[in-house]
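Observations on the model geometry
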Amino acid sequence: MPGNHDVPLYNLYGRFVGRFDRYHRYITPDLEPAYADGEIAVLGTNTARSLTWKGGRINAAQIARLKERLSGIDARVTKIVVTHHPFDLPQGFSETHLVGGARMAMGHLAECGADLLLAGHMHVSSVCRTVLRYQIAGHSALVVQAGTATSTRGRGEMNSFNCIRIESGVMTIERWTWSPDRMAFASGGSEVYRKTSDGWEPRGI
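Residues numbered from 1 in each chain as written. Predicted model: local features only at pLDDT ≥ 70, side-chain atom pairs only at ≥ 80, totals over all residues. Heavy atoms only, no water.

Buried within helix α4 (residues 102–111) we find A102, A105, M106, L109 and A110. When α4 is viewed along its axis, its buried side chains cluster within an angular range of 130° and face the same direction. Where the residues of α4 are buried, they touch α3 (60–71), β3 (78–82) and β4 (116–119). Where α4 terminates, the next one or two residues include G113, which has phi positive at roughly 75°. (Buried < 20%, exposed > 50% of the residue type's maximum accessible area, 1.4 Å probe, protein only. Helix = DSSP H or I, 4+ residues; strand = E, 2+ residues; numbered from the N terminus. Arc of directions from axis to C-beta. Contact = heavy atoms within 4.5 Å.)

Right, here's the structure in full:
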């Protein structure tokens, strides 16, 4: 998914007219990619905007498209939404870092049973449950925040990426962290969640 760094910062023509030209050329022309099979459905939506310095937003039209596509998917399929800007945050960050329109979007995403929200942007890894911030009855999705795999802007963390395994109502989120001594990524531990009638909860609750 494109992020704020894919929008030209100082080139005003590029920022407002051809803001995704390079993204289209080198990555993909599709700003709402999707994948689905019998186990998962992954839907992307573009939150990068021309009028924001580094923040992002999801608008009503995007939410309607996500809702329409997710609502037609069997409830046994794990429904995943991917954005650059996050719906929840690691500890220590203010709500100003949330994707714009988050609260409006979460109500609709809960209605169509979104299970997992993937994001980046903060360069800090974390796993959150939406019920703690949004408190929507009967719904608790997971928000998995990626760190940064290759950037030098680590925000105090080593480079990392997440490996997510989903099987039979159980989701395992494993964080792989760069080890300078090994000159390789190594597993830094995992968290396991299970799907209940109220949404995703840590296994054992």
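Closest axis-to-axis distance for the α3/α4 pair is 9 Å, and the angle between their directions is 10°. Between α3 and α4, the angle falls in the class roughly parallel. Two secondary-structure elements touch here, α3 through A60, I63, L66, K67 and L70 and α4 through M104, A105, H108, L109 and E111. When grouped by side-chain class, the residues that make up the contact of α3 with α4 number 7 nonpolar, 1 polar and 2 charged. (Axes fitted to C-alpha atoms, helices over the stretch in contact; angles between N-to-C directions. Parallel < 35°, antiparallel > 145°, perpendicular 65-115°, else oblique. Nonpolar A, V, L, I, M, F, W, Y, C, P; charged D, E, K, R; others polar.)

What follows concerns the environment of T130. Note that T130 resides in the loop between β5 (126–129) and β6 (142–145). Taking the C-alpha atoms as reference, T130 lies 21 Å from E167; in sequence the two are 37 residues apart. When near neighbours in sequence (up to four residues on either side) are disregarded, T130 contacts M106, L117, Q135, H139, S140, A141 and V143. Looking at T130, its side chain comes within polar contact range of the main-chain nitrogen of A141, at 2.9 Å. (Polar contact = N/O pair within 3.5 Å; in protein donor to acceptor, adjacent residues only side chain to side chain.)

Let us now look at the layout of surface pockets. Each pocket or cavity is described by its volume, and for the second largest pocket that value is around 210 Å³. What lines the second largest pocket is a set of 16 residues, and nearest its centre among them are E39, T78, I166, S168 and G169. Counting residues per element, the lining of the second largest pocket draws most heavily on strand β7 (residues 160–167), which supplies 4 residues. Of the residues that constitute the lining of the second largest pocket, the class distribution is 7 nonpolar, 3 polar and 6 charged. (1 Å grid on protein atoms, 1.4 Å probe; cavity = no way out; pocket = protein on both sides within 12 Å on 5 of 7 lines; lining within 4 Å. Points joined across faces, edges and corners; volume = space filled by probe spheres on them.)

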